[in-house]
Amino acid sequence: MQVSLTGGLRSAANGAETIDIEAETIRELMNKLLEAYPDMQDHMDPGIAVSIDGEIYRDSPAKKIPPNSEVFLLPRLQGG
Amino acid sequence: MTHDQSFTNQKFKVVGTRVNRPDGVDKVTGRAKYGADATAPGQLVGLFLRSPHAHARIKKIDTSKAEKLKGVKAVITSADLPDHTNGALLDKLTNCMARDRVLYDGHAVAAVAAIDRQTAKKALKLIKVSYEVLPHVTDVDEAMKPGAPIVQPGTKTRGVDPKPTKDSNVAGVSTFGHGDLDAGFKEADVIIEKSYKTEQTHQGYIEPHACLASVGPDGSGELWVTTQGHYTYRTDCAALLGMDLAKLKVTSSEIGGGFGGKTHVWIEPIALALSRKANRPVKAVMTREEVFKASGPTCSTSMDIKIGVKKDGTITAGSAHIRYQDGAFPFIWGQLGAMTAFACYDLKNVQAVGYDVLVNRPKVAAYRAPSAPMAAFGVESTMDLLAEAIGMDPVELRIKNAAKEGTKASYGPTYGPIGIGPTLEAAKNHPHMKTKLKKNQGRGMACGFWFNFGGQTCTDINIGSDGTVNLSLGTVDVGGSRASMSLICAEELGIPYEQVKANVADTSSLGHNDTTEGSRGTFSSGMATIFAAREAIEELKNRAAQMWDIPVEEIEWIDGEARAVGQQHDNLPPLTLKEIAAKAAGTGGPIAGHNEVVADGAGVSFASHICDVEVDPETGGTKVVRYTVIQDAGKAIHPDYVEGQFQGGAAQGIGWALNEEYIYGEDGTLQNAGFLDYRIPVCSDLPFIDTQILEIPNPNHPYGIRGVGETSIVPPLAAIGNAVSNAAGVRMTHVPMSPPRILKAIEDAGA
Amino acid sequence: MTGVLVDTTVNGDAVQFACPTDETLLDSLRDRVGLTGVKEGCGTGDCGACSITLDGQLVCSCLVLGVEANGSEIGTVEGLADSESLHPLQEQFINHAALQCGICTPGFLVAAKALLDKNKDPSEEQIRYALAGNLCRCTGYDKIVRAVQAAAKDLRKKKK
Amino acid sequence: MRYEAPTTTKEAATLLAKENGEACVLAGGTDLLVRMKMGLSEPDLIVDIKHIPAMQEIKISASGTKIGAAVSGTRLGDNKALKKAWPGVVEATNLIGSDQVQGRCTMVGNLCNASPAADSVPAMIAAGAKAVVVGPKKRRTVTVENIVTGPGQTSLEKGEVIESITLPKRSGKSGDAYLRFIPRTEMDIAVVSAGVNLTLEKGVVKTARVCLGAVAPTAVLVPDAAKAIIGTKLDKAALESLAAACSAACNPIDDKRGTVEYRTKVAGVLGRRAAEIAFKRAGGSK
């Protein structure tokens, strides 16, 4: 599965725009991401949101990631 | 979280009607209780001592004289506030009370609790603080220059490769986009490159921060507070003070406006600490001056925008570099801004870079669609310049490039069904566009985008024996959401709106709810209310099954009553909710519905605004003559309050565009910390604000709801900027477009 | 507290309170008389949330000393409604959704009543200028002005 | 803090003279209470002058107009005869703050607060107003332009209090006007302002006084601006030269409310516009 990185997240993955990770849920994706790129911790502290096929998830680690979906990692949104 | 999409043709009975709000009578009679309206026996007055310097080392704080003053019950400094959070919330703690250094004018250094205001004031004067004044920086561009005073030593720029080794005021750099910028600009017939600046503004809620804190020697406590998120305040206060979550009950008062500014803790942990030390309740209320100096305004920015376009109006490339001033503590405001900058458009080649920059100003908090209005000002102003350059109508240019379902957003993901195209078409066809302008008048329009989000939500429905319904919500009602939730609850249960009474529960009475921010209130609590009501309906059906002694599978819930299905039950007249509730005691006890949910999939939101202004060419004074807001609401649950959000956001944006700004002196102190010189619009400054609600359903919500609270503040800076530029005949690039700035631009253009 | 005794009439009732000489009438009303419908938004006369009438005159109670109220008649939002029903302004504020957070509402109601007592049929512009001393950050004033217009109409009908 | 509410001016003056600490006069309180709230003023004695009958009077007689020091903006605005005789002075006073502030604020308070941006002051100076000053021992009459000596400073001596303002009697063909520039439509402090008072004879300006606010440490009377229009029918050239004289008389500062450049330019614009209104009010036509 291809995961697209945005913003400052790329620097934590040595500048990569996309990375390949196999994961069935958001939780698994996050765990594998941290394993591969320990610098991601810096970004996980303020929070990361995951976009799956255009829908942004902030607090749904159990969310299943369907095969062939479009996956983006985004900063965790903040609102007023 | 994809739901049945049949709702698109859903016929509502009460949702969409303009009912009276449940808290209306309390609010027009003065009975509603806000943050400063609670009292407790034996309560003390809590006051804060604040830094007169923009940046200084605290050499010593001597509180001994204050402590000895008769009537003083507690004095607190950072020495009383060890970090219990292993650094996780150290920024918040340091902002609530300065530790080794003060980082901005107004930063708290000590607090006292005394028997009355007079005594507390005297005590503040007796506290002696010796400072070593340090060099300061308050401007975002100055802070980025080499040699600028470092606001937070140890800060290394995040998001650059390789990792920097030197300290910097640039806390983070984030890039969003796709495609090939160089190739895109090569394809362009016209390229416009322009720099813009926006000044710092404040949410300007009329109610200052206020709380009543009470902590006993057993470690239990209560906090009555004006906040957008009492659960978040509980989490933060408990962590900062080393208390157990369950032992701190936080009740949200009526909230007198927040707009993002009441999502943080400020005085509350200190009020609790004072109370714990004094073993008496402590009431703390900020003055307006303190609100301006020491709460959380939004960022000032400085940016460079470059967009290329073909003669036929196709945008070939867009780039933005936007520098956001985060105050004295780093956050992700620059990232958010960069994500939103080009979100309205379908662009092949796009890049937006956001910078988060530290300065000696207060810690920035969210302000309604945080970071989006500034980016929109730069991009939407440049869009008008492009339209002019290729001789195309500005609305047509936007329509031609508008994002649609399937567009890859400038911040990454692919859009589902969205409303930017429809709002632009509505703007094009709006009667406002066709009215004639008079002398010195100009018209402008602009678009805006905001993500919206959902989050953790928990809701209870309890049905009384007379069939009236208590709806307990955990999202603070900032704009009339109790009315909307009651409508949703009534709709689901099939009962009249008047039969529902909604209230905001305290933290002990309901599970965790995220803060009311990100336009999430109606979206997420609406969702939880629907599911809680459906659970209650299942229980109502069970009870009806018992009353009739038939299988529950043979019962349907229609229009507020249980109906037995099938010819064999023709002799059973329907049982209303009231009839079932009356028998609850004998059929299993109280009837309730409950739901907890992480409401994701909030659905992005778009708006287009049109405005006419008149500029006096001799004074630079601007009058807003006409204003129209067109926005996608997904589904308007209570149209009055959707319009209210549209109008309020527009008014805040108009103030930001024309007159509101933080003005710092050379000495780094705030010069206009009051409503006299921080000029929010008054009634006579504004016309009626026309609204048009579009309903493009959000496929991820059972009723199709999208958040509506924030997007309306995004377009006004640019819409006014475009209108003023058209009226004055000169491009305005600096917000606010105050009379001196407009007059100078006119004169410079004429010279 | 070294206080001075102040004799007043508040919303028609005799009220006596003691306050320090440097206390504002706003604080006296809130903390000593218990009328918390009067709000403090700024304390400097710039927001109007503390509007009351003092001997029939619209004022900001934050710009009046408690001691000055001795012998005066005070009117607050708590005195607007009759015993049974709301004042037409209060009704129309609810009907028109002319409030969101509601913190400015008491001040607006008192100021709008002062306007309608003087001028039965104000123009939109007169309403806007008469209410310019009351800040609202939620509504953009649109629905507030409409509510005042509707209440003015109701009051004119009532008179006939 | 001691609070006193005397019933005669003399009593008030005596109280103020005797106080060794900080003594303040309280009329409308719209400046004093703000200063107290901000911690800029902590009086030991406050003398409330609203209970002094002489200070509550508005008297219009053959010799001129007398306005008591405790008369509120609202009462001025409600006085039809005064509004007709001195529309500029009344409208200037009525521009101070909101309706709420109007219910309390006074011309004399506005004057004694000694802000360069006070709205009523340029109008009063243009009108040729005088202040009746009462001390514990003597009373004197002072032109209004000689009251304020600098920001926050007046020429009043310890114990002295202004009892009333007198506006002179004018010939029939006269008019005055006051304009200020503020970024909002209300609730603001003048960034720059101008008061013009003139009389006509056979359609020609016979006498004129022009005064600017917020462009120097005190309000500025501009004789050159008056000269520029005396003897004219306020033709374009006269107005241009008045505007130039106004701008030339400016000695402003850059601050949060405006720049030197802005104030200098707009002073001329407002002077010109105010002169046109005053001219029209005096019955002039071009």
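Note that the structure is a prediction, hence the values are computed from the model and not measured.

Reading the values: rules and limits
- Residues numbered from 1 in each chain as written.
- Chains lettered and ligands numbered in written order.
- Predicted model: local features only at pLDDT ≥ 70, side-chain atom pairs only at ≥ 80, totals over all residues.
- Heavy atoms only, no water.
- Pairing = 2+ DSSP bridges.
- Helix = DSSP H or I, 4+ residues; strand = E, 2+ residues; numbered from the N terminus.
- Axes fitted to C-alpha atoms, helices over the stretch in contact; angles between N-to-C directions.
- Contact = heavy atoms within 4.5 Å.
- Buried < 20%, exposed > 50% of the residue type's maximum accessible area, 1.4 Å probe, protein only.
- Phe/Tyr/Trp six-rings, centres within 6.5 Å; stacked < 30°, edge-to-face > 60°.
- Lys NZ or Arg CZ within 6 Å of the ring centre and 35° of its normal.
- Core = buried A, V, L, I, M, F, W, Y, C linked by side-chain atoms within 4.5 Å.
- Domains from an automatic or database assignment.
- Buried area = accessible area lost by both parts, 1.4 Å probe.
- Salt bridge = Lys/Arg side-chain N within 4 Å of Asp/Glu carboxyl O.
- Polar contact = N/O pair within 3.5 Å; in protein donor to acceptor, adjacent residues only side chain to side chain.
- Nonpolar A, V, L, I, M, F, W, Y, C, P; charged D, E, K, R; others polar.
- 1 Å grid on protein atoms, 1.4 Å probe; cavity = no way out; pocket = protein on both sides within 12 Å on 5 of 7 lines; lining within 4 Å.
- Points joined across faces, edges and corners; volume = space filled by probe spheres on them.

K.L.:
What is the right way to read the sheet that holds strand E5 (residues 108-114) of chain B from this model?
P.N.:
Sheet strands pair via backbone hydrogen bonds, and the direction of the pair is either parallel or antiparallel. Residue and element names in this part refer to chain B. Spatially, seven strands are ordered E3-E5-E1-E12-E9-E10-E11 in an open sheet, and the strand pairing comes out mixed. At either margin of the open sheet sits one strand with a lone partner, and together these are strand E3 (72-76) and strand E11 (248-252). Along the sheet, successive strands turn relative to each other by an average axial angle of 20 degrees, direction set aside. In this sheet, strand E12 (residues 282-285) lies alongside strand E1 (residues 44-50) in parallel orientation, the contact comprising three bridges. Each residue of the ladder has a partner; that of Gly46, found in E12, is Ala284. Running over the sheet, helix H4 (residues 117-126) touches E1, E3 and E5 and is turned about 25 degrees from E1. On the sheet, helix H7 (residues 230-241) packs against strand E10 (221-225) and E11 and is oriented at approximately 145 degrees with respect to E11.

K.L.:
What is the right way to look at the pairing of strand E24 (residues 605-615) of chain B in this model?
P.N.:
For a regular strand, side-chain orientation follows a simple rule: the groups alternate between the two sheet faces. Residue and element names in this part refer to chain B. The buried fraction of E24 is high, at 10 of 11 residues. Bridge count for strand E16 (residues 441-450) against E24 is 10 bridges, and the pairing is antiparallel. Each residue of the ladder has a partner; that of Arg443, found in E24, is Asp612. Here E24 runs beside strand E25 (residues 622-632); their pairing, made up of nine bridges, is antiparallel.

K.L.:
Mind showing me how you'd approach the packing of aromatic side chains here?
P.N.:
Each aromatic ring pair is described using two quantities: the centre-to-centre distance and the angle formed by the ring planes. Inspection of every chain in the model, using the stated rule, returns 18 aromatic pairs over all chains. Here the aromatic rings of Trp450(B) and Phe451(B) are separated by 5.3 Å at their centres, their planes lie at 70 degrees, and the arrangement is edge-to-face. Residue Phe451(B) is classed as buried on the basis of its relative accessible area of 1%. Here the aromatic cluster, defined as three or more aromatic residues joined through ring pairs, consists of Tyr411(B), Tyr415(B), Phe449(B), Trp450(B), Phe451(B) and Phe606(B). When the ring centre of Trp86(D) is taken as reference, the NZ or CZ atom of Arg170(D) above it lies at 3.5 Å.

K.L.:
In this structure, what is going on with the nonpolar core? I would like to understand it.
P.N.:
For soluble globular proteins, nonpolar side chains are generally found buried alongside one another. Core analysis: the biggest nonpolar cluster contains 198 residues, and Tyr411(B), Tyr415(B), Tyr627(B), Ile720(B) and Phe93(C) have the highest contact counts within it. With 11 residues, the top contributor of residues to this core is helix H11 (residues 372-390) of chain B. Per-domain counts for this core show at least three residues from each of domain 1 (4-76) and domain 2 (88-159) of chain C. Among residues more than four places away in sequence, those in contact with Ile720(B) are Cys611(B), Val613(B), Val624(B), Tyr627(B), Ile654(B), Ala657(B), Leu658(B) and Met737(B).

K.L.:
How should the interface of chain C and chain D be read in this particular structure?
P.N.:
It is common to give the size of an interface as the accessible area lost on bringing the parts into contact. Between chain C and chain D, the contact holds 29 residues from the first and 27 residues from the second. Of the roughly 2000 Å² buried at the junction of chain C and chain D (both faces included), carbon and sulfur atoms supply 62%. Together, Leu63(C), Glu68(C) and Tyr129(C) form the three largest contributors to the area buried by chain C at its contact with chain D, with a combined 27%. For the pair chain C and chain D, the number of links is three salt bridges. For the salt bridge of Arg104(D) with Glu68(C), the shortest nitrogen-to-oxygen distance reads 2.6 Å. The tally of links between chain C and chain D comes to six residue pairs in polar contact (both at pLDDT 80 or more). At the level of elements, strand E3 (51-54), strand E4 (57-60), helix H3 (105-118) and helix H4 (124-130) of chain C are the ones that each hand at least two residues to the side of chain C that touches chain D. With four residues, E4(C) is the largest single contributor of residues to the side of chain C that touches chain D. Taken together, the residues that form the side of chain C that touches chain D break down as 14 nonpolar, 10 polar and five charged.

K.L.:
Would you mind going over empty space enclosed by the protein with me for this structure?
P.N.:
In this approach the atoms are scanned with a rolling probe the size of a water molecule, which exposes any empty space left behind. Following the criterion strictly, the structure yields 11 cavities of 30 Å³ or more and no others. The space that makes up the largest cavity amounts to roughly 520 Å³. Along the wall of the largest cavity there are 35 residues; nearest its centre are Val478(B), Thr522(B), Gln645(B), Val708(B) and Gly709(B). Looking at the lining of the largest cavity, the elements that each hand over two or more residues are helix H14 (481-493), helix H15 (521-548) and helix H18 (639-658) of chain B. Per-element tally for the lining of the largest cavity: the top contributor is H18(B), with three residues. Considering only residue class, the lining of the largest cavity consists of 11 nonpolar, 18 polar and six charged. Roughly 220 Å³ of internal volume is contained in the second largest cavity. Taken together, 25 residues form the lining of the second largest cavity, with Gly54(A), Glu55(A), Ile56(A), Gly603(B) and Val604(B) sitting closest to its centre. A per-class count over the lining of the second largest cavity returns 12 nonpolar, nine polar and four charged.

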